[in-house]
Amino acid sequence: MQRRDFLKLSVGTAAAAAFASNAQGAVKEIRIGYQKTGVLVIARQQAALEKHFTPQGIDVKWIEFSSGPPMMEAMNVGSVDFGAVGDSPPVFAQAAGAAIVYAAGQPITNGQGILVPKDSPIRSIADLKGKRIGFTKGSSAHNIVVQTLEKAGLTYADITPVYLTPPDAGPAFANGSIEAWAIWDPYFAIGETKQGGRILINSRDVTRTNSFYIANREFAKNHGALLQQIVDVTTAAGKWAEQHRDEVAKSLAAITGVPLDIQTVAANRANFVVGPVTDDIVATQQGVADRFYKLGLIPKPIVIRDIVWRNPAA
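Residues numbered from 1 in each chain as written. Predicted model: local features only at pLDDT ≥ 70, side-chain atom pairs only at ≥ 80, totals over all residues. Heavy atoms only, no water.

**Observations regarding the overall build of the chain**
Okay, step 1: The secondary structure content of the chain amounts to 14 helices and ten strands.
Okay, step 2: A compact globule built from 314 residues would reach a C-alpha radius of gyration of about 20 Å, and the chain, at 19 Å, matches this within 12%.
Okay, step 3: Once the C-alpha set of the chain is aligned to its principal axes, its extents read approximately 60 × 45 × 30 Å.
Okay, step 4: Looking at the 314 residues of the chain, the share that counts as buried comes to 56%.
Okay, step 5: Here the analysis covers contacts within the chain between residues at least 6 apart in sequence; of these, 79% occur between residues at least 24 apart.
Okay, step 6: Just so you have it, the chain exposes about 12,800 Å², and 53% of that area is on carbon and sulfur atoms.
Okay, step 7: The chain carries 31 positive and 27 negative side-chain charges, and their two centres are separated by 1 Å. (Helix = DSSP H or I, 4+ residues; strand = E, 2+ residues; numbered from the N terminus. Rg over C-alpha atoms; globule rule 2.2 N^0.38 Å. Buried < 20%, exposed > 50% of the residue type's maximum accessible area, 1.4 Å probe, protein only. Contact = heavy atoms within 4.5 Å. Areas by Shrake-Rupley, 256 points an atom, 1.4 Å probe, with all protein chains shown as cover. Lys, Arg positive; Asp, Glu negative; His and termini not counted. Charge placed at Lys NZ, Arg CZ, Asp CG, Glu CD.)

Rendered as structure tokens:
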């Protein structure tokens, strides 16, 4: 019964739009970029996009990434059409002139922050001064580090950033090569429950953050009807996930290979609500971009609103 309810949601827009969905250039395959958590993993496990697009003669290809920056690179060159990332990757990508647009947004209310070892003498943000902090450059964790330091009156120069992908940062954290780790779920939960981590800072206590659904600019321009359907199915998957967290954890574990107990922690504290990129979200994201420019982390100022996609048919 629950699965049928999900399917009703996921295909709710199909009846009205299916006849026009593939009229803009005979798309045969949609390539979706995803990470080890989030609504897209659920959509993949439920085959929601496949069930929606197969009747239109369109295949769905799933491509996993360890973090947002390489996904943005792939999207820029046209090898990914749609994907989910945190707040920082699209800022760095836009500053580099990448061919991307914001298609939808999702507030992050929990599930990312900064970990330290349980027996670490680091007890406050101020104690991070002079410490080695591991995180993925250009990721949402990068933003958390910047804003956490700012909250305590520290500067980026007060720490030693150690740029590591999540799979590399985990072992570095466990063996003491880094003294703190800024990261998101499910790695946040892994570090907390399996690698002796203690939460120093939860991102929600420092700043408002969002994750985003990003599309390749040309795909959005040429196939707006398809993009809207992807967003609609993703939104429906998010609504379903909000009400079925136990099943979400099982889906996340099945697709990603991350143990069920870890994904249960991540699923129980996640927000799955997908919605439009509102003025409020744009303003928050603009703050991220302005801060990164001020710190010299991006080479030029950017205007977030310039790449927010609006469905011309809406």
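Next comes the rest of the description.
**Here we look at the packing of helix α12 (residues 245–256) against helix α13 (residues 260–269)**
Okay, step 1: Running from N to C, α12 and α13 cross one another at 130 degrees; their axes reach a closest spacing of 8 Å. As the angle between them shows, α12 and α13 are arranged oblique. The interaxial crossing formed by α12 with α13 has right-handed handedness. Together, Arg-245, Val-248, Ala-249, Lys-250, Leu-252, Ala-253 and Thr-256 of α12 and Leu-260, Gln-263, Thr-264, Ala-267 and Asn-268 of α13 make up the contact between the two elements.
Okay, step 2: Considering only residue class, the contact of α12 with α13 consists of six nonpolar, four polar and two charged. (Axes fitted to C-alpha atoms, helices over the stretch in contact; angles between N-to-C directions. Parallel < 35°, antiparallel > 145°, perpendicular 65-115°, else oblique. Left-handed = near helix turned anticlockwise from the far one by under 90°. Nonpolar A, V, L, I, M, F, W, Y, C, P; charged D, E, K, R; others polar.)

**Side note on the sheet that holds strand β8 (residues 180–184)**
Okay, step 1: Strand order across the open sheet formed by five strands is β7-β6-β8-β5-β9, with mixed pairing between neighbours. Bordering the open sheet on either side are β7 (160–163) and β9 (197–202), each of which pairs with just one other strand. The average angle at which neighbouring strand axes cross in this sheet is 30 degrees, direction not considered.
Okay, step 2: Direction of pairing for strand β6 (residues 132–135) relative to β7: parallel, over a ladder of four bridges. Considered in β7, the bridge of Phe-135 is made with Tyr-163.
Okay, step 3: Its contacts with the sheet place helix α8 (residues 166–174) against β5 (112–117), β8 and β9, and it is angled at close to 145 degrees to β8. (Pairing = 2+ DSSP bridges.)

**What to know about the sheet that holds strand β3 (residues 82–85)**
Okay, step 1: Across the sheet, five strands lie side by side as β2-β1-β3-β10-β4; this open sheet has mixed pairing. Either end of the sheet is taken by a strand with one partner, and the two such strands are β2 (59–64) and β4 (100–108). For this sheet, the mean inter-axis angle between neighbouring strands, taken without regard to orientation, is 20 degrees.
Okay, step 2: With six bridges joining them, strand β1 (residues 29–34) and β2 adopt parallel strand pairing. Among the inter-strand pairings, Ile-32 is bridged to a residue of β2, identified as Trp-62.
Okay, step 3: Helix α11 (residues 224–243) rests against β1, β3, β4 and β10 (209–216) of the sheet, and its axis sits at about 45 degrees to β3.

**A closer look at empty space enclosed by the protein**
Okay, step 1: Throughout the structure, instances matching the rule amount to one cavity of 30 Å³ or more.
Okay, step 2: One number sums up the size of the largest cavity: a volume of about 520 Å³.
Okay, step 3: Elements that contribute at least two residues to the lining of the largest cavity include exactly β1, α3 (39–45), β3, β4 and β10.
Okay, step 4: Classifying every residue of the lining of the largest cavity by side-chain character gives 14 nonpolar, 15 polar and one charged. (1 Å grid on protein atoms, 1.4 Å probe; cavity = no way out; pocket = protein on both sides within 12 Å on 5 of 7 lines; lining within 4 Å. Points joined across faces, edges and corners; volume = space filled by probe spheres on them.)

**Here's the deal with the pattern of salt bridges**
Okay, step 1: Using the criterion set out here, one finds eleven salt bridges in the structure.
Okay, step 2: Put simply, Glu-192 and Arg-269 hold a salt bridge, and the shortest N to O gap is 3.2 Å. Here the residue Glu-192 occupies a position in helix α9 (residues 187–193), and Arg-269 occupies one in helix α13, the gap between them amounting to 77 residues.
Okay, step 3: The class for Arg-269 is buried, based on a relative accessible area of 15%.
Okay, step 4: Taking the shortest distance from any N to any O, the salt bridge between Asp-279 and Arg-305 comes out at 3.2 Å. Highlighted residues: Asp-279 in helix α14 (residues 279–294) and Arg-305 in the segment after α14, separated in sequence by 26 residues. (Salt bridge = Lys/Arg side-chain N within 4 Å of Asp/Glu carboxyl O.)

**Here's the deal with the pairing of β3**
Okay, step 1: Where β1 lies against β3, two bridges are found, and the strand directions are parallel. Each bridged residue has a counterpart across the sheet, and for Ile-32 the counterpart in β3 is Phe-82.
Okay, step 2: Where β3 meets β10, four bridges bridge the pair, whose relative direction is antiparallel. What sits directly across from Val-85, in β10, is Phe-212.

**Observations concerning the environment of Ala-253**
Okay, step 1: Tracing the backbone through its elements, the reader meets Ala-253 in helix α12.
Okay, step 2: Along the sequence, Ala-253 and Ile-42 sit 211 residues apart, while their C-alpha atoms lie 10.0 Å from each other.
Okay, step 3: For Ala-253, the residues in contact, after removing those within four places along its chain, are Val-258, Pro-259, Leu-260 and Gln-263.

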